[in-house]
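# Report on the structure
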Amino acid sequence: MKTFTLGQSRKQVEEMLPEAQIKTVQLGAKKVCMVKSGQEIFAFEPQCPHRMAALNEGKINGFNEIICPLHEYRFDLETGQVKSGDCRDLEVYKTELTEQGLKIFI
Ligand code: FES
């Protein structure tokens, strides 16, 4: 497992990730989508496991699920579990917001 750090302070991370806006970042060889929802920041693979649609064009609902823009499958952002649809689970990555920035464990 690798640890990446985004930003240099909590404030910088909060400015980078406005509520419910999905951003794509490059971390080493991997692209990762990030989104802030309430007190939590989620990180997940950028393409839908169903037919590879770009999840940065998806939406977050009130249950912290991402809804794919193409066929509206839903995935739990905490666990990656597919909640509606028939495909594998979404890959999700643990994050930790610290005073030195956002740590992402991949
Ligand atoms: S490509 Fe995402 S639900 Fe089909």
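One structure accompanies this document, and this report is about it. (Residues numbered from 1 in each chain as written. Predicted model: local features only at pLDDT ≥ 70, side-chain atom pairs only at ≥ 80, totals over all residues. Heavy atoms only, no water.)

## Some points on the overall build of the protein chain
For the protein chain, the count of helices and strands is 1 helix and 10 strands. Listing each helix as α and each strand as β along the protein chain from the N terminus yields β-α-β-β-β-β-β-β-β-β-β. For 106 residues, the compact-globule estimate of 2.2 N^0.38 gives 13 Å, and the protein chain sits close to it at 13 Å. By its C-alpha atoms, the protein chain is 40 × 30 × 20 Å across when sized along the principal axes. (Helix = DSSP H or I, 4+ residues; strand = E, 2+ residues; numbered from the N terminus. Rg over C-alpha atoms; globule rule 2.2 N^0.38 Å.)

## Here we look at the environment of Ile67
Within the secondary structure, Ile67 sits in strand S6 (residues 65-67). Along the backbone, Ile67 and Phe4 are 63 residues apart, and their C-alpha atoms lie at a distance of 26 Å. Residues contacting Ile67, with those up to four places away along its chain left out, are Gly58, Lys59, Asn61, Glu72, Tyr73 and Arg74. (Contact = heavy atoms within 4.5 Å.)

## Considerations on the pattern of salt bridges
Across all of its chains, the model carries 6 salt bridges by this definition. With its nearest N and O atoms 3.4 Å apart, the salt bridge here joins Lys36 to Glu19. A residue pair is termed long-range when its members are at least 10 positions apart, and Lys36 in strand S3 (residues 30-37) and Glu19 in the loop between helix H1 (10-16) and strand S2 (23-27) qualify at 17 residues. Overall, the relative accessible area of 18% leaves Lys36 in the buried class. Look at Glu19 and you get partly exposed, because its relative accessible area is 44%. Here Lys30 ties to Glu91 by a salt bridge, and the two come within 3.4 Å at their closest N and O atoms. (Salt bridge = Lys/Arg side-chain N within 4 Å of Asp/Glu carboxyl O. Buried < 20%, exposed > 50% of the residue type's maximum accessible area, 1.4 Å probe, protein only.)

## Focus on the environment of Thr24
Within the secondary structure, Thr24 is located in strand S2. A relative accessible area of 35% places Thr24 in the partly exposed class. The spacing of Thr24 and Met34 is 10 residues in sequence and 6.2 Å in space, taken between C-alpha atoms. Polar side-chain contacts of Thr24 include one of 3.3 Å to the side chain of Asn56. (Polar contact = N/O pair within 3.5 Å; in protein donor to acceptor, adjacent residues only side chain to side chain.)

## Some details on the sheet that holds S6
Backbone-to-backbone hydrogen bonds join strands into a sheet, with any given pair of strands oriented parallel or antiparallel. Spatially, the 4 strands line up as an open sheet ordered S5-S6-S7-S8, and their pairing is antiparallel. Sheet topology places strand S5 (59-60) and strand S8 (82-84) at the edges, where each strand pairs with a single neighbour. Sheet analysis places S5 next to S6, joined by 2 bridges and oriented antiparallel. If you follow Lys59 over to S6, its bridge partner there is Ile67. (Pairing = 2+ DSSP bridges.)

## Here's the deal with the nonpolar core
Formed by 16 residues in total, the largest nonpolar core has its most connected members in Phe44, Leu55, Ile66, Phe75, Leu77 and Leu90. Residue assignment for this core shows that the elements contributing at least two residues are S3 and strand S4 (40-44). Each residue touching Leu77, except ones within four places of it in the same chain, is listed here: Val35, Phe42, Phe44, Ile60, Asn64, Glu65, Ile66, Leu90 and Val92. Among the nonpolar cores identified, the runner-up in size contains 13 residues, and Met34, Ala43, Tyr93 and Ile104 belong to it. (Core = buried A, V, L, I, M, F, W, Y, C linked by side-chain atoms within 4.5 Å.)

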